[in-house]
Amino acid sequence: MARLDKPQNKNLRRRNIALLVVLAGLVALFYAVTIVKIAGNLG
Amino acid sequence: MSDAALQMRSAVDADAAENQAASPRVSDFVALLKPRVMSLVVFSGLAGLLVAPGEIHPLIATVAIFCIAIGSGASGAINMWYERDIDALMSRTKTRPLPAGRMAPDTAIAFGVTLAVAAVVLMGLIVNWTAGILLAMAEAFYVFVYTVWLKRRTPQNIVIGGAAGAFPPMIGWAAVTGELALLPLLLFAIIFMWTPPHFWALALYRSGDYARAGVPMLPVVAGPKATRRQILLYSLLLVPLTLVPYGLDLAGAVYGIAAAALGAVFLACAVAVQFDHSERAPRRLFAYSILYLFLLLAALVADSLLGLAPAAAAWSLHL
């Protein structure tokens, strides 16, 4: 497998962090909707 | 196939030929069915059957679950027949009936194929052909797509191959309704997303075994760091996906609360794998992932039995 040079590595790292942030946001959004719905059901 | 695996296959077959006179025990046939895998397959199939709307005669339901169990076991037997060479190279699998020389390969493949065909025919004739065809697809996917095509070729083997293990809830649902709907498709997607973190957690602490056998599991090919990252990414996709059935009223509050709580623990285990580089964290994630799926499906069934799933039958797909 070819090794990545420094800028490519940096770029890959940025993309990984962006993906992680997007997915964490997705989790937070779905949890928020679920909690609001559960509160509505119980209330 | 690697040279080591080819040599090992010849050695295993030679051993088995020498042992032809010794007949395998019943326990060897049971081991060939992979009973531990079968238990999760049967439970997820049963969950699909129990949450499906409509009625099914208890005897027909029993036949459906029996066929799912036999279909799963048959696929496992054919898998063990095909993988007897690499099983002999791994400490986890070298005591299985074929690599240990307790059973001839011909016996195993005949046993597996007979059961695989019988399970599909029985499901089709006694339950319905939608369930029968889905069972045949699951068996074919596990044997041809996962075992023969992907497992020795790509580190994405268990990502794509994981689809085979995601079929049972759809089969259980189809056994009752004769069709599919959004909920069983979501259950398929949930198990599909659950499979990579589950297997990669195991592969993290068994990578030496896989490397010896020449199986390109992700930790062997891309290393533990990339594997840990992939575990986290798939976990971050899995957990919100498990919340969808509640969000769409396909499941009730029992499931919603369980999915949120169990998912939070799953994420915590996946995050722990990122920071704890010992064997402990992946072992804990692997063990918890099994419990997680059992409890998630149990909550769905509890919801359904309590009548808390308002729109479980929504978006039915006539096949």
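What you see is a predicted model; the values in this text were computed from it and never measured. (Residues numbered from 1 in each chain as written. Chains lettered and ligands numbered in written order. Predicted model: local features only at pLDDT ≥ 70, side-chain atom pairs only at ≥ 80, totals over all residues.)

**Quick word on the overall build of chain B**
For step 1, the next point in the chain: When helices and strands are tallied, chain B shows 15 helices and zero strands.
For step 2, the next point in the chain: When the 319 residues of chain B are sorted by exposure, 51% land in the buried category. (Helix = DSSP H or I, 4+ residues; strand = E, 2+ residues; numbered from the N terminus. Buried ≥ 20, exposed ≤ 12 C-beta atoms within 10 Å, placed from the backbone.)

**Describing the nonpolar core**
Residue and element names in this part refer to chain B.
For step 1, the next point in the chain: Within the largest apolar cluster, 104 residues are counted, with the highest numbers of intra-cluster contacts made by Ala64, Ala77, Ala119, Ala131, Leu135, Ile171 and Leu296.
For step 2, the next point in the chain: The element contributing the most residues to this core is helix α10 (residues 182–205), with 14 residues.
For step 3, the next point in the chain: Ignoring sequence-local partners within four residues, the contact set of Ala64 consists of Leu49, Met123, Val127, Ala131, Gly172 and Ala175. (Core = buried A, V, L, I, M, F, W, Y, C linked by C-beta atoms within 7 Å. Contact = placed C-beta atoms within 7 Å.)

**Overview of the environment of Met123(B)**
Residues and elements named next belong to chain B.
For step 1, the next point in the chain: If you trace the backbone, Met123 turns up in helix α6 (residues 105–127).
For step 2, the next point in the chain: Spatially, the C-alpha atom of Met123 lies 8.4 Å from that of Ala175, the residues being 52 residues apart in sequence.
For step 3, the next point in the chain: Setting aside its immediate chain neighbours within four residues, Met123 contacts Ala64, Cys67, Ala131, Gly132 and Leu135.

**Some remarks on the interface of chain A and chain B**
For step 1, the next point in the chain: Counting from both sides, the interface comprises 13 residues of chain A and, opposite them, 13 residues of chain B.
For step 2, the next point in the chain: Of the residues assigned to the side of chain A that touches chain B, the class counts are nine nonpolar, three polar and one charged. (Nonpolar A, V, L, I, M, F, W, Y, C, P; charged D, E, K, R; others polar.)

**Some thoughts on the domain arrangement of chain B**
Residue and element names in this part refer to chain B.
For step 1, the next point in the chain: The domains assigned to chain B are domain 1 (1–178) and domain 2 (181–319).
For step 2, the next point in the chain: With 31 residues of domain 1 at the contact, the number on the domain 2 side is 31 residues.
For step 3, the next point in the chain: In terms of residue count, helix α3 (residues 35–51) provides more of the side of domain 1 that touches domain 2 than any other element does, seven residues in total.
For step 4, the next point in the chain: The residue makeup of the side of domain 1 that touches domain 2, split by class, is 20 nonpolar, eight polar and three charged. (Domains from an automatic or database assignment.)

**A short note on unusual backbone geometry**
All names here are of chain B.
For step 1, the next point in the chain: Within the chain, Lys34 stands out as a residue other than glycine whose phi angle is a positive 50 degrees.
For step 2, the next point in the chain: Within the element layout of this structure, Lys34 appears in the loop between α2 (26–32) and α3.
For step 3, the next point in the chain: Of note in this structure, Asp249 is not a glycine but carries a positive phi near 65 degrees.
For step 4, the next point in the chain: Position of Asp249 relative to the elements: it lies in the loop between α13 (223–247) and α14 (253–275).

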